[in-house]
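Fold and contact review
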Amino acid sequence: MFVEQSVTRLRRVRVGFVLLCLVPTVGLVVWALQRHSASHREAMAAAVTRMLNTDVAFDGLRYPQPGCLRLSGVRLGGTSLGTVGFEATPTEVRLLLDQCECSPAFAGQLATLARRWLTEPARFPRNCVIDIAGMTWKTAAGEAVTNHPLRVECVANAGDRAVRIISPERPNDEMRIVRK
């Protein structure tokens, strides 16, 4: 009788160990491998491409903390943006760019994107803030004009939508586009 109880208890402990320790560990390993796979990167790029209606590609994807992405080798419509930080909350999306070189063609893409943000509220339900550490404007000849930080805020309030572009170095100089 003593041996039968210890064998039954031993089986219960082993089953409990497998269910409470090994199964969650294997699940976490599978989840981590999936998040670092090429198919996950491609799915994320496809989702952003659908949202912006502009070709978006990137080489690397990291999750430094919950709700944050760090994308490396980002290309938006053929223009390289380098490394981009992406933070999302239920009401806001924040993009952090280290460097951005804006050519006339890329400025046209950005203007189209801003117009779509103003006129298509269903496609863009969250506010968006873009912080660029160094924005370089290029002329049609390809020469760099300036290299200044820039902040772009796309906000919505009670049905009104606005885009505000401001330089942190010159807070009194700003451009606002409001759609009521």
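All residue numbers here refer to positions counted from 1 along the written sequence of the relevant chain. Thresholds applied to this predicted model are a pLDDT of at least 70 for local features of residues and 80 or more for the giving and counting of side-chain atom pairs; totals over whole chains, interfaces and linings are not thresholded and use all residues. Working from all heavy atoms in the structure, the side-chain values ignore hydrogens and water.

Digging into the pairing of strand β7 (residues 127–138)
Criterion used throughout: strands pair if DSSP finds at least two bridges between them. The helix count covers DSSP runs of H or I at least four residues long, the strand count covers runs of E at least two residues long, and both are numbered beginning at the N terminus. As defined by bridge partners, strand β5 (residues 92–97) adjoins β7 across six bridges and the pair is classed as parallel. Within β7, the position partnered with R94 by the bridge is V129. Pairing between strand β6 (residues 100–102) and β7: three bridges, direction parallel. Residue pairing across strands places C102 opposite W137, the latter belonging to β7.

What about the packing of aromatic side chains?
Ring pairs (aromatic) are described by centroid distance and by the angle formed between their planes. Note on aromatic pairs: the rings of Phe, Tyr and Trp (six-membered ring only in Trp) are paired at centre separations within 6.5 Å, and the planes decide the class, stacked below 30 degrees, edge-to-face beyond 60, tilted for the rest. For the coordinates displayed, the defined rule picks out zero aromatic pairs. For a ring to carry a charge above it, either NZ of a lysine or CZ of an arginine must fall within 6 Å of the ring centroid while also lying within 35 degrees of the normal to the ring plane. Of note, R35 hangs over the ring of Y63, and the distance from its end group to the ring centre comes to 3.4 Å. Here R161 stacks its cationic end above the ring of W117, 3.8 Å away from the centre of that ring.

With respect to the layout of surface pockets
Computed from the structure, the largest pocket encloses a volume of approximately 1,100 Å³. Residues are called lining when one of their atoms sits within 4 Å of a cavity or pocket point, these points coming from a 1 Å grid over the protein atoms alone, where a cavity is a set in which a 1.4 Å probe fits but cannot get out and a pocket is an open set with protein on both sides within 12 Å along at least five of seven lines. Along the walls of the largest pocket sit 44 residues, with L52, L95, L113, C128 and I130 positioned nearest its centre. Residue contributions to the lining of the largest pocket peak at seven residues, all from helix α3 (residues 104–119). Grid points are joined across faces, edges and corners, and a volume is the space filled by probe spheres set on the points. Here the second largest pocket defines a volume of roughly 150 Å³. Lining the second largest pocket are M135, W137, T146, H148, P149, L150, S167, E169 and R170. Counting residues per element, the ones that place at least two in the lining of the second largest pocket are β7 and β8 (144–157). No other element matches β8, which puts four residues into the lining of the second largest pocket. Residue polarity is assigned by list, with Asp, Glu, Lys and Arg as charged and Ala, Val, Leu, Ile, Met, Phe, Trp, Tyr, Cys and Pro as nonpolar; anything else, Gly included, falls into the polar class. Considered class by class, the residues forming the lining of the second largest pocket number four nonpolar, three polar and two charged.

A few points about the side chain of R116
Within the fold, R116 resides in helix α3. Judged by its relative accessible area of 8%, R116 is buried. Whether two residues are in contact is decided by their heavy atoms: any pair within 4.5 Å suffices. Residues in contact with R116, not counting those within four places in the same chain, are M51, L52, N53, R123 and F124. The buried label applies to any residue whose accessible area, calculated with a 1.4 Å probe on protein chains only, is under 20% of its type's maximum; exposed applies above 50%, and partly exposed to all values in between.

Some details on helix α2 (residues 38–52)
By this rule, a helix spans an expected 1.5 Å times one less than how many residues it contains. For α2, spanning 15 residues, the distance from its first C-alpha to its last is 21 Å, which sits close to the expected 21 Å at 1.5 Å a residue. Residues H40, A45 and L52 constitute the buried set of α2. Taken down its axis, α2 places every buried residue within 135 degrees of arc, on the same side. Turned more than 90 degrees from where α2 packs its buried face, E42 and R50 sit exposed. Positive backbone phi, approximately 55 degrees, marks N53, located one or two places after α2. What the arc covers is the set of directions going from the helix axis to the C-beta atoms.

Examining the pattern of salt bridges
Within this document, salt bridges are pairs made up of a side-chain nitrogen of Lys or Arg and a carboxyl oxygen of Asp or Glu, the two lying within 4 Å of each other. Considering all chains together, one arrives at eleven salt bridges under this definition. The salt bridge partner of R123 is E120, with a shortest N-O separation of 3.1 Å. Overall, the relative accessible area of 37% leaves R123 in the partly exposed class. A salt bridge links R176 to E174; the shortest N-O distance between them is 2.4 Å.

Regarding the pairing of β8
Looking at chain direction, β7 and β8 are connected through eight bridges and run antiparallel. Bridge pairing links D131 to R151 in β8. Between β7 and β8, which pair antiparallel one after the other, the connecting turn spans five residues, and G142 there sits at a positive phi close to 95 degrees. Bridging between β8 and strand β9 (residues 160–167) involves seven bridges; their strand directions are antiparallel. Its bridge partner lying in β9, N157 is registered against D160.

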